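Understanding the architecture of this molecule
Residues per chain are reported as follows:
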Amino acid sequence: MKRLLTIAAAVGVAMSVGTTADAADRTVKIAGFGAMSGVVRSFGINTDAVMRAAAKAINDAGGVKLADGSMAPMEVSFDDDRCNAEEGISVVRRIASSDAVVGVGPTCSNVAEPLFGILQAKAGDEGDSGLQFPIFTDTAIKGGLAKISEWAFRNVPNESQMYQTLFEWLASEHPDAKSVYGGVEEDFAHSRFTWYKVMKTRSADAGYEVKGEAKWLLNDTNFTTQVRAMKRAGADVIAISAHPFTTCGVLKEMARQRVEYKVLVGLTSSSSLETLNGCAKQAEGIIIPTSFAPVNPDAVAAADAAAALGGSADLHSAAAWEIMMILKDVIETAGIQATADSVAADRRAIRDGLATLKTTKGLLGEITRTDEGEAVKPYVYVHAADGTWAVLHDPNT
Amino acid sequence: MADYWWDVIDPIQSVLDGMMFGSIYALIGIGFTLIFGVMHKINLAYAAASIGGAYASLVAFQILSAPALVVFLCAAAASGVIGYIVYICCFRFIPEHLPLATLMASVGMLILIDEVVVHATAGMPEPYPAMFDDVMIDISPFWIRGDLLMIFALSVVAMLILLYVLYRTRLGIATRAVAQQPSAAQLCGIGQQQTNAVTFVITGALGGLAGAMVGASVGILSPLLALPLTVKGLVVTVIGGLGSIPGAIVAGILVGGFENVFQYFRGVTERDIYVMLLLFVFLTFRPQGLFGRISTRD
Amino acid sequence: MDFYYGMAQLIGVHTLLGLSAYVVLLTGQVSMAQAGFFAIGAYLGGMLTVLAGLHIVPAMLLAAVASALVATVVGFPALRVKGLMLVVATLAFGEAVRIFWFNFDYQIAKGNIQVGPLGGEGFKQIRYFPENGWSTADVAIFIWAWVIAAMVALWWMDRSRVGSVLRAVGEDELAAQSVGINLTAVKVSAMGIGGFIAGLGGAIYAHYTTHIEHLNFGVVLATFAIAYPILGGLSSVIGVLLAVIFIQGFLVEVLRFMGDWRNLLFGALIVLAMNVRPDGLFDARATRALKRLLGGRDA
């Protein structure tokens, strides 16, 4: 029994959350979290690196101005949530029990959705005992999540708008292409949502005839049946809403069966290194709207800073850079104390500050913020050319 | 060709593709069944080790740019080594009368292998070489994928080699002796531990080949592959009859074919429900599986 | 403090899952279907509070009863097979349940949003606890009331004749049958009890995460369900709790300071634990010691 108690005590000590900061050296603590394990590990690695790079850039320029006019450095941490809902909840409760003033994450939509559910739905609602902690999401992209809670904010691209203008642009660029055939990773919430609620409806709005869709699962290995149906449909545009692993699998099968198409469209999340790593040859020409590309000096500088710390800036992780810069501005405008006693007030001030933002600065230009806590980000269309992502068209110009 | 013909040709084509792909399930099923036959235990880390071996062979592909066949053999060799490690870590030192402990240890190993792969590759999909993947054999009205045919052929060769080893060599006789009567085998001077270890290496190599074949058929490797292969492999093992190698072969091809039939007619979301139903049908009407004997031992 | 209450909730939920597999394992059946029963409890429990507007307690009980009924029905065909066949059969059943929810849509309008399960996109806004002002501590206490009730019931059962009967079937079916034990009744009722507890756990889980989707209830969860009692040593309910603390507390949270190594250690330490203590972390000897400590009869 004694041994049991000792073990229990040891567990308790080891699980204890970091102690509160010394009032003398105040820092603004920002807690990142996301997936560092499993197939999405690269996302966590990138976001972590980008956040550290952004904090370094801010601190090199003097840090963040607090309410009393003093300057404090930003300190970032990063926790792994394994892309698992329960672990994501534990991580956020842990962060919320520390003196971090805001959380940045998560990677996966299936973590973001439950996470936003445990937050207070309406800020200041006494009857709602949900967690009162601002979360600013860089990666989890499934449509319409931030409206779950007023404490949840996202800086992820608005897929609905991006694909609407993409299909309109394609209609004018390729007037001979009349029909669309979809491919959807049916058991993954984000890709499923993006095909049925975004690509399918938006392409129809742009005047395309939707000829149907091929469905497969996240970890499928055999796409012959689906691709045969795709070939039979003979559509001019093939739009694939799937993550890199199956996108590559399907593209390789399409090459084998010699599926002919005029335009190939991909899922936002697939405009990353992973797709090119997996199947650069077959992905050649695939067009994807993305909210990040190193097209101006700011964006190049951010990408270089992240690369120096071992991460790659892509549409997801670059959002974390923007988030850090937005947070710096919001903190300076709201004027937080960053003391051990002011944590709750600071968090509320940051939430209110984020909620009132109408526009923010982004790496590609001005970002509009909606009342629901979502962002409408500038974007460009990229395509895979010779094994890299090249900008095909900038709809803003 | 009239449109309605496609309604006949497409399902048949799907079944053909599925059956060729099913040869991979057969290889995994053989691995489960062989270990079960010899040790009466399940090695849940088996499919993960197979994918792990395929990943290890990427070294040969990416750094040495070896030809596809050499890469496949490297996968088999690497998986054989992993098989031995799995044996040492999960089976060798855990008392024989505690099958649950070995089961759990192999689950731990499954998680560990997957995570090692993830750490080595950051979870990125890695391209994997294939043979004849640009060949489509046209036997009108059907098409046969060159790479799938190659996979099918390689799997058949591997199975024939395995059967030769089991039935024509001393090693095989020892393995089968331990499977049938461990204590009697020991009395005849056959080392049980040694035979078990050899079984793990052989099945590991077979699994590595299966892992390489999966990689070759999709064209990419991902840690995502391990879990579905484990489930399908176990289903194949049971349908084929525990401990029966011909059973695993037939069941693997059967499951691969059925899977595609259901996918064609019922769609991908319901496909696996029907595969599970197929399993239930077997368990209800033929619990010993296709070729299994009704066992009197537990 | 919130973090610890949150951990207590999580450990409570997983303990229920582990206990459900524990009961079934006592009769010698390795059931990989527990994640399926857990999913039934989660979806039904969530639908009853969100769509039907029930109080959490009747919702949980109804969900648990439904899941117990399904488990009982599964129990009969499961009698026909044992060993690896049973593992695979129950695994297949659990997967079938998951795929059922993957194909299941039932949504109604509530306010300006649609709520209810929506196939692959999941079932969100199961916010009974926060909407009714339950604090994290309240929820933790609520969950633990159920966990303790389940543990005490099973502990009592373990010490009574019922427990001996279950274990007798688990140890040697033939011998148990020869002394007049009705195998069918014992195995099927163990499945039913397991299904009930898993259903309870699932219903709480849905409210704990507020959002569920079919991928939460896959093979991994089914494996953890049996991992808890096996790691715990199958000799008492305490072992299950210890194993849950070992996995969810120690391997997941305590090892967080190890950074990147944590993920690698997760699997490695499970392998190590089974090699060092193949009988489980809390084996029969530990159970006897605990019983002596509590002044109970020596087993």
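Keep in mind that what you see is a predicted model, and the values were worked out from it rather than measured.

1. A short note on helix α10 (residues 297-308) of chain A
All names here are of chain A. Between its first and last C-alpha atoms α10 spans 16 Å; for 12 residues at 1.5 Å apiece the expected length is 16 Å, and the two agree. Within α10, the full set of buried residues consists of Ala 299, Ala 302, Ala 303 and Ala 306. Across the axial projection of α10, the buried residues extend over an arc of 95 degrees, all falling on one side. Opposite the packed face of α10, turned more than 90 degrees from it, sit the exposed residues Pro 297 and Ala 308. On its buried side, α10 packs onto α2 (41-60) and α11 (317-334). One side-chain oxygen at the N-terminal end of α10 lies 3.2 Å from the backbone nitrogen of Asp 298; it belongs to Asn 296. Of the residues trailing α10, Gly 310 is marked for its positive phi of about 85 degrees.

2. Side note on the packing of aromatic side chains
All chains considered together, the criterion is met by 34 aromatic pairs over all chains. When the centroid spacing of 5.0 Å and the interplanar angle of 90 degrees are considered together, the rings of Trp 134 of chain C and Phe 142 of chain C count as edge-to-face. Taking relative accessible area as the criterion, Phe 142 of chain C reaches 14% and is therefore assigned buried. The rings of Phe 38, Tyr 43, Phe 100, Trp 101, Phe 104, Phe 123, Tyr 205 and Phe 217 of chain C are connected pair by pair, giving a single aromatic cluster. Lying across the ring of Phe 266 of chain C, Arg 82 of chain A places its NZ or CZ 4.6 Å from the centre. A cation over a ring is seen here: Arg 351 of chain A above Trp 151 of chain A, with NZ or CZ 5.9 Å from the ring centre.

3. A word on the interface of chain A and chain C
Facing 46 residues of chain A, the contacting portion of chain C comprises 46 residues. For the pairing of chain A and chain C, the buried interface totals around 3,700 Å² over both sides, and the portion due to carbon and sulfur atoms is 53%. Counting every contact that joins chain A to chain C gives 10 salt bridges. A salt bridge links Glu 113 of chain A to Lys 124 of chain C, with the shortest nitrogen-to-oxygen separation between them at 3.9 Å. Here chain A and chain C share 19 residue pairs in polar contact (both at pLDDT 80 or more) between them. Elements that contribute at least two residues to the side of chain A that touches chain C include exactly α1 (2-15), β4 (74-80), α3 (85-97), α4 (109-118) and α6 (189-205) of chain A. A total of 8 residues in the side of chain A that touches chain C trace back to one element, the largest contributor, which is α3 of chain A. Partitioning the side of chain A that touches chain C into residue classes produces 20 nonpolar, 11 polar and 15 charged.

Conventions and cut-offs
Residues numbered from 1 in each chain as written. Chains lettered and ligands numbered in written order. Predicted model: local features only at pLDDT ≥ 70, side-chain atom pairs only at ≥ 80, totals over all residues. Heavy atoms only, no water. Helix = DSSP H or I, 4+ residues; strand = E, 2+ residues; numbered from the N terminus. Expected span 1.5 Å × (residues − 1). Buried < 20%, exposed > 50% of the residue type's maximum accessible area, 1.4 Å probe, protein only. Arc of directions from axis to C-beta. Contact = heavy atoms within 4.5 Å. Polar contact = N/O pair within 3.5 Å; in protein donor to acceptor, adjacent residues only side chain to side chain. Phe/Tyr/Trp six-rings, centres within 6.5 Å; stacked < 30°, edge-to-face > 60°. Lys NZ or Arg CZ within 6 Å of the ring centre and 35° of its normal. Buried area = accessible area lost by both parts, 1.4 Å probe. Salt bridge = Lys/Arg side-chain N within 4 Å of Asp/Glu carboxyl O. Nonpolar A, V, L, I, M, F, W, Y, C, P; charged D, E, K, R; others polar.

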